[in-house]
Every structure is written in structure tokens, then in C-alpha cells.
Amino acid sequence: MAADASAPTLATRLRRPSAVGALGGLFVLALLAWLAVNAERTPADFLEVFLIGITTGCVYALVALGYTLVYGILELINFAHGDVFMLGGMFSITYATHFFGLHTGQGVLIIPIVFATLLLAMISCGLINAAIEFVAYRPLRGKPRLAPLITAIGMSFVIQDVGLIWKGPNYITAPDVFPRSKVFSIGGVDYTWNKLIVVVITIPVLLGLLYLVQRTRQGKAMRATAQDMDASAMMGINVNRTISFTFLIAGGLAGAAGLLYSLYVTTVRYDQGFQLGLIAFTAAVLGGVGNLPGAVLGAILIGLIQAFNEGLNWHAPGSDWTQSIVFSILILILVFRPEGLLGERTPEGG
Amino acid sequence: MSTNGRTPILQLTDVHTYYGAIHALKGISLEVYEGEIVTLLGANGAGKSTTLRSINGLNRPRQGSIRFEGRDITTVAAHQIVKRGIAQSPEGRRLFPRMTVVENLEMGAFQRNDRPGIREDMDRVFELFPRLQERRDQKAGTMSGGEQQMCAIGRALMARPKLLLLDEPSLGLAPIFVERIFEIIHQINEQGTSILLVEQNALMALDAAHRGYVLETGHIVLADDAKALKTNEQVRKTYLGET
């Protein structure tokens, strides 16, 4: 009888032909039609924009996963997370240029330098994120949910100011080391190394995370704690340590995103984390907050939407509208499908 | 039922526990001896669950002491209690809803490292609850209440506890499941595990238990052999529904 609870929910969802659903379907159809017309008129541009979207989506995915991991375990929107990502960018530039002397024209030497920087940036951001939890959120455990939320906003400002004091109010630039030569061409469009490197670094990080959460003892402890904290303690799981570990991992992902962003976009400023953080948070909500594959899917979609909006020629609203579009998506999702694209309503509300 | 001369496996002495600002336990003293089933009876809010939360470390007493196998565990952290040999099937079951039955059972053995022993205990749980074996790969949150209760008890057994805390194992279950659960409780006890049982269904609990305590607003008002409690007039009136 209770063989599969997700089946009936899906069925009821499909069987409900509401006006809202019809409108939503129409909207998606219109969007696809718009994309098809663009693809037909300027196929080369379309492909190029598509590849840019995937690349930005990868950076968003790394940040979005941090939101989703922390939300999954504490039901806290860690507003400071975007700013930890910003620090990751600053760490990356500092480590790469000051420690390792990264500059353009080094040839293959950039490979070990980028990897060493990646590692250091991930460790630095992971430790900072865990420290934030320890100092700002742990003392508020068990308090009304608004308290840690406001504290998170406060921490966001604190970290922005740290960035401001450390690197000043202007953009700092990273050496433009990722080569822009082509890897391969499809339909007359070159896929360049700098985009490929972003994807090539993102994918193993994502797979590593998946392995960690699905297969390891710590990962099991994380999943259990996210589903029921008291029951986890009864099983012998050290809940506080598991939460620290989760913040460490989330911070590490933000550090990786910071490195990729700083080397791909080549500029970093103290206030960029907040905005990118909000976009990544939207991606996490779009995919279903607390759901790891959902965060990646949501991030890729948001990356594509942004790229299509800014890069296509035929009736694209343009970059002035990107923010409005992204946050309209957030509102629509929260109103009509708060569990996100891949999220599920669990019987116990878990 | 002779408890004289033996040392209790679990001993609570004058335990005071607060639930937020509420003084929930006002000096509870009780014992569980090795091999016993002891039941805690009482109305909602009498302090039964708080007693269990005091023992398992989730709600630390402000005063009094809790000793397990002769060692003080009053201030031991919740996640270390299970290693000492106390496992719990909590009220409302509290399974990990998005994990499968097997994963839930594995979580019960989280602090153990002996793979062969864990396998053995998993087989033992499946022997006690054949239904769980049929549903081994199903998400725990999608099972019926009775199946979830079986899984929760099985999960607690996976810790290979010396003392099993059962909080309302029959709550919300169909009568046929209630009887089955109590049969299982009996079996688990026969295999050598001491049990502290909190139960709304006083009749079933007193049938299963060796001894019982009656809680009222944070105090123990009665303590006796289960048989004696069953015939106690006050208990019959209040908990067994006689007029």
C-alpha cells in the first residue's frame, strides 16, 4: 500500500490541471520557442552563449552547494556564504601571485600552481566557514530561527568589511593565465581552454563531494544529522562536530569557486560575494534546497538563463535585466513550487 | 522477582531535570536490574519521556545522579551514551526518513567497527522482523507506522545495547501490530537485554514487565512488581480504565 510515496504525489501533481500550471507551461513553451528562434537565426552565437552559460553555471554550482549543505543540516540560510566565496577569490589571487609567483606566459607551470592554489583556497575558506559557525551560529543553537538568520546577515557584512580592509575598495585583478586557445570546435564555435578548465576542475570536486556524502562515514553522519538531529545523537553521532564538518566542506567548495571565478573573470572585489551569493542561493532554491543534485541543476539553469539573456541577439532583455529575471525566478519558485525542481515533500517533513 | 543483593545496571538517584523553564522531573529515583523489563507509567506530561532524555544525555539533569553499570553517566554527552551500552527507540520512532531500512539499521551501529558483528546483528534483526527484510531497500519514511516501529526497535538493537530504552513503542499502531511488538520485546529481553519501557498502554506494559513505576507530575508515586501494580486499585482506576 505504501510501496512508493513519491509515485502518488507525482501523479496528483500531473493530474492537477490548474490555471497556474497551464500558464507556467505556456511560459516555458514561449521560452523554448524564443531559444529555438535564436538558435535558428544565429546558431554560432547560440552555441557560444550556451557554453558560457555552462561555465558560469559551474561556479554557481559550487557556491549553491554550500548553501544547500548548510541549509540541509541547520535550516539556516547562511548569508555569509557568498562572502566566504569572495574571500576565496582574494585568497586565490594572493596565494597564486604572492606565494607561487603566478603570471602570464608560464606555460605548463600554471597547472601545479593552480592546483596548489586551489587546495590552499579550499582549506582557508573551509576553516573560515567552520570558524564562523563556531563563533556566530553555534551559541544560537536551539534559539528561535530568526536569531541565527540575522546573525548570518551580520556575518556577511563583517566579512565584506574584512575584504574591504584587506584589499581596498577597488577591483583587484588576477593574472589572465587560462589560455584562450581552442580545445575543439563545434559548428564553427571554438570551445576554449579557459572554459574547459573551469569545468574540468568543477567536475572532480562535485564527484568528490558526492562520494563523501554518499559513501563515507562522515557523509552518513551528515545525512543523518540533516534528517534528525536528536536521533543522530542517539546513534552516537557527534552532532556539533558533524555540523562543523559540514561548514568546512561548504567553505571548501566556496574556496574552489573563488579560485575559478578569480582566474576565469580575473577581477575580484570585496562586495561581489553578496550578489553572486544571492544568485547561487536562488539556484539552490530552484533545484530544491537541501538537495545536492538539485543545487547543481539549478545553478546550471541559472547560468544558462543569464548567458542566454545577456548573449543572444533576437529579443533578449539584456544584462540590465539579469538580476530582475533571476530574482523573479526565485519568487515564482517560492510561490508555486517551494520544494524546488528536484526537492520532494517527505512524509515526515524531514 | 528477586532484586535483592544484586547491583542495578541502571540507577537514577534524586534526578531533577528541567524542560526549558519547566521543572519536569522533581527528584526521580529508580533502578533497572540486569535482565529486567521495567515499565514507566503515567499520564501525558508526567515526565516519562524526560526521564528517558535524562538517561540518554539529550536533557541533562540539573541535580541528582545517573549511574550505568556502576559508573556515573550523568554528564556524559548524548553521542557517547550509546557506546556505553544504552540504545533507544524514541517516541515517534524518529527514523531517518530519506534513508533505506538497511541504512537506518546501519546508523544504529554507527559507533561500532566490528563488521562481522554488525552483519550478525543485522541478520538477527531481520529474523526478529522478517517484514524489514522484505522492505530492506525501501525509504524508511514511506513505510507504515508498524513497520517504522519495527525499524526503530531494530535500529536500537543494532547498537547491541545492554539496556534498551523503548519510548511508546505501541503508540498509533493497529492492535495486531501492538501484540507483535510486545512479543518482540519479550524475545529481546529473553536474549539478555534489559529494557526500560515507557508505554501508554498500561495493561500491555504491565503484562510484559517485571516491575513498574508510576509517575505523576515529575514524582514517582508508586513502585512495585508489575503483578502487584496490576491489582493496585489506584492504578486500575487511573491507567487501566476501570471505574
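Numbering of residues starts from 1 in each chain and follows the order in which that chain's sequence is written. Lettering of chains starts at A and numbering of ligands starts at 1, both following the order in which they are written. Selection of residues for local features in this predicted model requires a pLDDT of at least 70, selection of side-chain atom pairs for listing and counting requires 80 or more, and totals for whole chains, interfaces and linings are taken over all residues. Note that the side-chain values use all heavy atoms of the structure and ignore hydrogens as well as water.

### What to know about the packing of aromatic side chains
Here is step 1: Note on aromatic contacts: the rings of Phe and Tyr and the six-membered ring of Trp form a pair at centre separations within 6.5 Å, being stacked when their planes are under 30 degrees apart, edge-to-face when over 60 apart, and tilted otherwise. As enumerated under the stated definition, the model contains 9 aromatic pairs over all chains in all.
Here is step 2: Centre to centre, the rings of Phe-85 of chain A and Tyr-261 of chain A are 5.5 Å apart; their planes meet at 80 degrees, and the pair counts as edge-to-face. With a gap of 176 residues between them, Phe-85 of chain A in helix α4 (residues 81–99) and Tyr-261 of chain A in helix α10 (residues 239–265) connect regions that are remote in the sequence.
Here is step 3: Between the aromatic rings of Tyr-95 of chain A and Phe-99 of chain A, the centroid separation amounts to 5.2 Å while the plane-to-plane angle is 55 degrees, which identifies the pairing as tilted. Taken as a pair, Tyr-95 of chain A and Phe-99 of chain A lie in helix α4 at a separation of 4 residues, close to a single helical turn.
Here is step 4: Its relative accessible area of 13% is what places Tyr-95 of chain A among the buried residues.
Here is step 5: In this structure an aromatic cluster arises from ring pairing among Phe-91, Tyr-95, Phe-99, Phe-100 and Trp-166 of chain A.
Here is step 6: Consider the ring centre and the ring normal. A charge sits over the ring if Lys NZ or Arg CZ is within 6 Å of that centre and within 35 degrees of that normal. A cation over a ring is seen here: Lys-167 of chain A above Trp-166 of chain A, with NZ or CZ 4.5 Å from the ring centre.
Here is step 7: It is Arg-217 of chain A that lies over the ring of Phe-110 of chain B; its NZ or CZ is 4.1 Å from the centre. Helix and strand assignments come from DSSP, with helices taken as H or I runs of at least 4 residues and strands as E runs of at least 2, each series counted from the N terminus. Note on exposure labels: buried denotes an accessible area under 20% of the residue type's maximum, exposed denotes more than 50%, and partly exposed covers the range between, all computed with a 1.4 Å probe on protein chains only.

### A look at the sheet that holds strand β3 (residues 37–42) of chain B
All names here are of chain B.
Here is step 1: Spatial ordering of the open sheet is given by β6-β7-β8-β3-β9-β10, a layout of 6 strands whose pairing is mixed. Across the chains shown, the open sheet's two edge strands, defined by having one partner strand only, are β6 (86–89) and β10 (219–225). Across the sheet, the mean angle separating the axes of adjacent strands is 20 degrees when strand polarity is ignored.
Here is step 2: Pairing between strands is defined by DSSP: at least two bridges between the two strands are required. Bridge count for strand β9 (residues 211–216) against β10 is 6 bridges, and the pairing is antiparallel. Across the sheet, the residue bridging to Glu-216 is His-219, located in β10.
Here is step 3: Contacts are assigned to residue pairs with any non-hydrogen atoms lying within 4.5 Å of each other. Only the stretch in contact is used when fitting a helix axis, every axis being a line fitted to C-alpha atoms; angles between N-to-C directions are given from 0 to 180 degrees. Of the strands in this sheet, β6 and β7 (163–167) are in contact with helix α6 (residues 145–157), which crosses β6 at around 175 degrees.
Here is step 4: Relative to strand β8 (residues 194–198), helix α7 (residues 175–190) is tilted by about 150 degrees, and along the sheet it contacts β3, β7 and β8.

### Re the nonpolar core
Here is step 1: Residues grouped as a nonpolar core are buried Ala, Val, Leu, Ile, Met, Phe, Trp, Tyr and Cys residues, joined through side-chain atoms within 4.5 Å. In this structure, Leu-62, Leu-69, Phe-85, Tyr-137, Leu-209, Leu-253 and Leu-263 of chain A are the most contacted members of the largest nonpolar core, which totals 88 residues.
Here is step 2: Beyond its immediate sequence surroundings of up to four residues, Tyr-137 of chain A is in contact with Leu-76, Asn-78, Ala-80, Ile-132, Pro-148, Thr-151, Ala-152, Met-155 and Phe-247 of chain A.
Here is step 3: In terms of nonpolar packing, the next biggest core, distinct from the first, is built from 50 residues, Phe-177, Ala-202, Leu-206 and Leu-229 of chain B among them.

### What about the confidence of the model for chain A?
When pLDDT drops low, the exact placement of atoms in the prediction is not to be read closely.
Residue and element names in this part refer to chain A.
Here is step 1: Mean pLDDT over chain A: 89, with 93% of residues reaching 70 or higher.
Here is step 2: pLDDT is a residue-level measure of predictor confidence that goes from 0 to 100. Ignoring residues within four places in sequence, the model shows residues 1–8, a span with pLDDT below 50, making 5 contacts including any to other chains.
Here is step 3: For residues 346–350, every residue scores under 50 in pLDDT, and the model assigns this stretch 8 contacts once sequence neighbours within four places are set aside.

### Quick look at helix α6 (residues 146–167) of chain A
All names here are of chain A.
Here is step 1: Between its terminal C-alpha atoms α6 stretches 32 Å, which fits the 32 Å expected from 22 residues at 1.5 Å a residue.
Here is step 2: All of the buried residues in α6 are Pro-148, Ala-152, Met-155, Ser-156, Ile-159, Gln-160 and Gly-163. The arc enclosing the buried residues of α6, seen along the axis, measures out at 135 degrees, which places them on a common side. Opposite its buried face, α6 presents the exposed residues Leu-146, Ile-150 and Ile-165, each directed more than 90 degrees away.
Here is step 3: Buried residues along α6 sit in contact with α4, α5 (110–137) and α11 (272–287). A helix is expected to span 1.5 Å for every residue after the first. Our arc is simply the arc of the directions from the helix axis toward the C-beta atoms.

### Some details on the pairing of β3 of chain B
Residue and element names in this part refer to chain B.
Here is step 1: Counting buried positions along β3 gives 6 out of 6 residues, so the element sits mostly inside the fold.
Here is step 2: Here β3 runs beside β9; their pairing, made up of 5 bridges, is parallel. Note that in β9 the partner of Thr-39 across the bridge is Gly-212.

### Details of the pattern of salt bridges
Here is step 1: We define a salt bridge as a side-chain nitrogen of Lys or Arg found within 4 Å of a carboxyl oxygen belonging to Asp or Glu. Under the definition given, this model contains 23 salt bridges over all chains.
Here is step 2: Linking Arg-94 of chain B and Asp-228 of chain A is a salt bridge whose minimum nitrogen-to-oxygen distance equals 2.6 Å. One end of the pair, Arg-94 of chain B, is in the loop between β6 and α3 (101–108); the other, Asp-228 of chain A, is in the loop between α8 (217–227) and α9 (229–234), on a second chain.
Here is step 3: Here Arg-94 of chain B falls in the partly exposed class, since its relative accessible area comes to 30%.
Here is step 4: Since its relative accessible area comes to 9%, Asp-228 of chain A is described here as buried.
Here is step 5: Note that Arg-94 of chain B is salt-bridged to Asp-230 of chain A, the shortest N-O span being 4.0 Å. You can see Arg-94 of chain B sitting in the loop between β6 and α3 and its partner Asp-230 of chain A sitting in helix α9, one on each of two chains.
Here is step 6: Three or more residues are tied together by salt bridges with common partners; here these are Arg-112, Asp-114, Glu-120, Asp-121 and Arg-160 of chain B.

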